[in-house]
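Spelled out, the chains give:
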Amino acid sequence: MSCFKLEDIYAYLEGELSAEDARRIEAHALSCPACRAAIEDRRRFLGAAASLAPIEVPDDFADGILCRLEASPAPARRRLIFLFAARSACRTDGAAIPARPGRRLTVLGGLAAAGAGAAAFFAAFSLLALLFGRNLWPFLARLGHGSVHYLREAVTAAVKVVKYIQLFFRLVQDFALAMTAVFKRITSFISPEIQIACLIAAAALLAGGILIWRRRSLRMESPHEN
Amino acid sequence: MIIRRYQQPVVNYIGRMVREREQALDFSQEIFLKAYASLASYRPQFKFSTWLFKIASNFMIDHWRKKKLSLLSIDQAPDDEEDRAPVQIADTEPSVVRQLELKEMRTRIDAALAKLPAALRELFVWRHINGFSYEEMAEIKDLPVGTVKNRVFQAKEMLRRLLEEPA
């Protein structure tokens, strides 16, 4: 039997041959040193090629792309397709800032912020006292009196708004009652079986529409391999 | 997520083509951005990976055209005849690969890849590093499957001959 072609050797090594052809090559290799050496030679070669070290991808590779996407003027709907993963902040040049782990607002930080707020209030009060002197309290009373007047006006307006909302809901209730009466009159002419059939058909249409919309959304979000 | 799923294969491909890591990462990001901009042209009946790599391949072609490299090296492979006579194994064929340790062989293959014509290198990387089937590569390049098989075979044998050269 003549030696095999190199194409056949590669096809054998890559599993592209039928079982029968593969057996023929193996049987021939047992008795042919040249073919046996060629097979082994190319097996090691392909094994080395397939095991080449992958090129390292940095952790913020995807974040960098998402930052540039955010900066692009594309429609928001298409951006949502890519903007799924949790990501770190973006610099103005579009690069991602690596997220610093463990950065939380501590209780001590909260107390410090509250203390700073109280100190600022005390400082403002002191400044007012300095500016107005003995006239500070009458000034505050006038300010308060004016505030009470505005508050009273606001409450009056809020009560009016609540009354209008109540009127609106009463109108809606009357409309619903009228529609119910009309519906009862109509359904009295239609048999219960037909009513049930119509309800089932409407529910099926609604469910089908939701399913189709959902599948379209999912397909845009993560295209899958066919 | 799309980017995290395909970032390694794309970077592996681009990295073997441009031979420089930082540039490969930049180009890979550009490719994903182009894919995002072209999402409207994606048809779900086709594999997403082949669509993405078509964009990547066109990107590399544009890059080489801008660098004014020979179009022959980009678009064609030497000896693209499908009727070419198949190569028989010679009795005295040297077994140079056996003499090299695996680690050294990987290093030599990596270096020898740079000497392959771009068209052959691309197909070899797709087949033996990215793991694409011949049908997938034919779909990406819009070539007959037989042509793709021929070119991958040429790439493999050319690479083996380059390994015989002194390091």
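Residues numbered from 1 in each chain as written. Chains lettered and ligands numbered in written order. Predicted model: local features only at pLDDT ≥ 70, side-chain atom pairs only at ≥ 80, totals over all residues. Heavy atoms only, no water.

Novice: Is there a simple way to explain the overall build of chain A in this structure?
Specialist: A tally of helices and strands in chain A yields 8 helices and 0 strands. Secondary structure elements of chain A, listed N to C terminal, follow the sequence α-α-α-α-α-α-α-α. Expressed as a percentage of its 226 residues, the buried residues of chain A come to 20%. For chain A, the share of sequence-separated contacts (at least 6 apart) that also reach a separation of at least 24 residues comes to 44%. (Helix = DSSP H or I, 4+ residues; strand = E, 2+ residues; numbered from the N terminus. Buried < 20%, exposed > 50% of the residue type's maximum accessible area, 1.4 Å probe, protein only. Contact = heavy atoms within 4.5 Å.)

Novice: What is the right way to look at the overall build of chain B in this model?
Specialist: Scanning chain B from N- to C-terminus turns up 9 helices and 0 strands. Mapped in sequence order, the helices and strands of chain B form the string α-α-α-α-α-α-α-α-α. Going through the 167 residues of chain B one by one, you find that 51% of them count as buried. Taking contacts inside chain B between residues at least 6 apart in sequence as the whole, the part at least 24 apart equals 69%. A total of about 8000 Å² of accessible surface is found on chain B, and carbon and sulfur atoms cover 51% of it. (Areas by Shrake-Rupley, 256 points an atom, 1.4 Å probe, with all protein chains shown as cover.)

Novice: Please clarify how the packing of helix α4 (residues 61–71) of chain A against helix α2 (residues 21–37) of chain B should be interpreted in this entry.
Specialist: Two numbers describe a pair of packed helices, the interaxial angle and the distance between the axes. Packing of α4(A) against α2(B) leaves a shortest axis separation of 10 Å and a crossing angle of 45°. By the criterion of interaxial angle, the relationship of α4(A) to α2(B) is oblique. In this structure, α4(A) meets α2(B) at a crossing whose hand is right-handed. Seen from α4(A), the contacting residues are F61(A), G64(A), I65(A), R68(A) and L69(A); seen from α2(B), they are L25(B), S28(B), Q29(B), E30(B), F32(B), L33(B) and Y36(B). Among the residues forming the contact of α4(A) with α2(B), the class breakdown is 7 nonpolar, 3 polar and 2 charged. (Axes fitted to C-alpha atoms, helices over the stretch in contact; angles between N-to-C directions. Parallel < 35°, antiparallel > 145°, perpendicular 65-115°, else oblique. Left-handed = near helix turned anticlockwise from the far one by under 90°. Nonpolar A, V, L, I, M, F, W, Y, C, P; charged D, E, K, R; others polar.)

Novice: I tried to follow the packing of aromatic side chains on my own but got confused; where do I start?
Specialist: We describe a pair of aromatic rings using the distance from one ring centre to the other and the angle between the two ring planes. All names here are of chain B. All told, the structure shown has 14 aromatic pairs over all chains when counted by the stated rule. When the ring of Y6 is compared with that of F48, the centres are 5.4 Å apart and the planes differ by 45°; the resulting orientation is tilted. With Y6 in helix α1 (residues 2–18) and F48 in helix α3 (residues 48–66), this pair connects stretches of sequence that are 42 residues apart. The class of Y6 is buried, set by a relative accessible area of 6%. Both rings, one in F48 and one in W51, keep their centres 5.3 Å apart while their planes meet at 40°; by these two values the pair is tilted. (Phe/Tyr/Trp six-rings, centres within 6.5 Å; stacked < 30°, edge-to-face > 60°.)

Novice: Whenever I open this one, the confidence of the model for chain B confuses me. Can you help?
Specialist: In low-pLDDT regions, the fine details of the predicted coordinates are not to be read closely. Of all residues in chain B, 80% attain a pLDDT of 70 or more, and the chain-wide mean is 83. For this predicted complex, the interface score ipTM comes out at 0.79, while the overall pTM is 0.58. (pLDDT = per-residue confidence, 0-100.)

Novice: Help me understand the pattern of salt bridges, please; the structure alone is not making it clear to me.
Specialist: One pass over the structure, following the stated rule, counts 17 salt bridges over all chains. The salt bridge involving R42(A) is made with E157(B); its shortest N-O contact spans 3.2 Å. Within this pair, whereas R42(A) is found in helix α3 (residues 33–50), its partner E157(B) is found in helix α9 (residues 145–164), the two belonging to separate chains. Each member of the pair, R42(A) as well as E157(B), is classed as buried. Put simply, E14(A), E16(A), R127(B) and K156(B) are held in one network by salt bridges that share partners. (Salt bridge = Lys/Arg side-chain N within 4 Å of Asp/Glu carboxyl O.)

Novice: It is not clear to me how the nonpolar core should be interpreted in this structure. Could you clarify?
Specialist: Side chains of a nonpolar character, in soluble globular proteins, are inclined to be buried together. Judged by nonpolar contacts, the single largest core of 74 residues is most densely connected at Y13(B), I14(B), M60(B), I109(B) and L159(B). For M60(B), the residues in contact, after removing those within four places along its chain, are Y13(B), I14(B), M17(B), V18(B) and F27(B). (Core = buried A, V, L, I, M, F, W, Y, C linked by side-chain atoms within 4.5 Å.)

Novice: Would you mind going over the packing of α1(B) against α2(B) with me for this structure?
Specialist: Residues and elements named next belong to chain B. Across the interface, α1 lies against α2 with an axial gap of 9 Å and an inter-helix angle of 130°. Here α1 is positioned oblique relative to α2, judged by the angle of their axes. Between α1 and α2 lies a crossing whose hand is right-handed. When α1 is examined against α2, the residues I2, I3, Y6, Q7, V10, V11, I14, G15 and V18 are found in contact with a partner set consisting of Q23, A24, L25, F27, S28, I31 and F32. Among the residues forming the contact of α1 with α2, the class breakdown is 12 nonpolar, 4 polar and no charged.

Novice: Even after reading the chapter, I still don't get unusual backbone geometry, so can you show me in this structure?
Specialist: Most of the time, phi is negative for any residue but glycine, and the peptide bond is trans. Residue and element names in this part refer to chain B. Backbone geometry places R19, a non-glycine residue, at a positive phi of 65°. Tracing the backbone shows R19 in the loop between α1 and α2. Its relative accessible area of 37% is what places R19 among the partly exposed residues. A positive phi angle is found at D142, which is not glycine, with a value near 60°. Within the secondary structure layout, D142 lies in the loop between α8 (134–141) and α9. Residue classification places D142 among the exposed positions, given a relative accessible area of 66%.

Novice: It is not clear to me how the confidence of the model for chain A should be interpreted in this structure. Could you clarify?
Specialist: For chain A, mean pLDDT is 79; residues scoring 70 or higher make up 78% of the total. Across residues 83–88 of chain A the pLDDT falls below 50, and counting only partners more than four positions away or on other chains, this stretch makes 16 contacts in the model.

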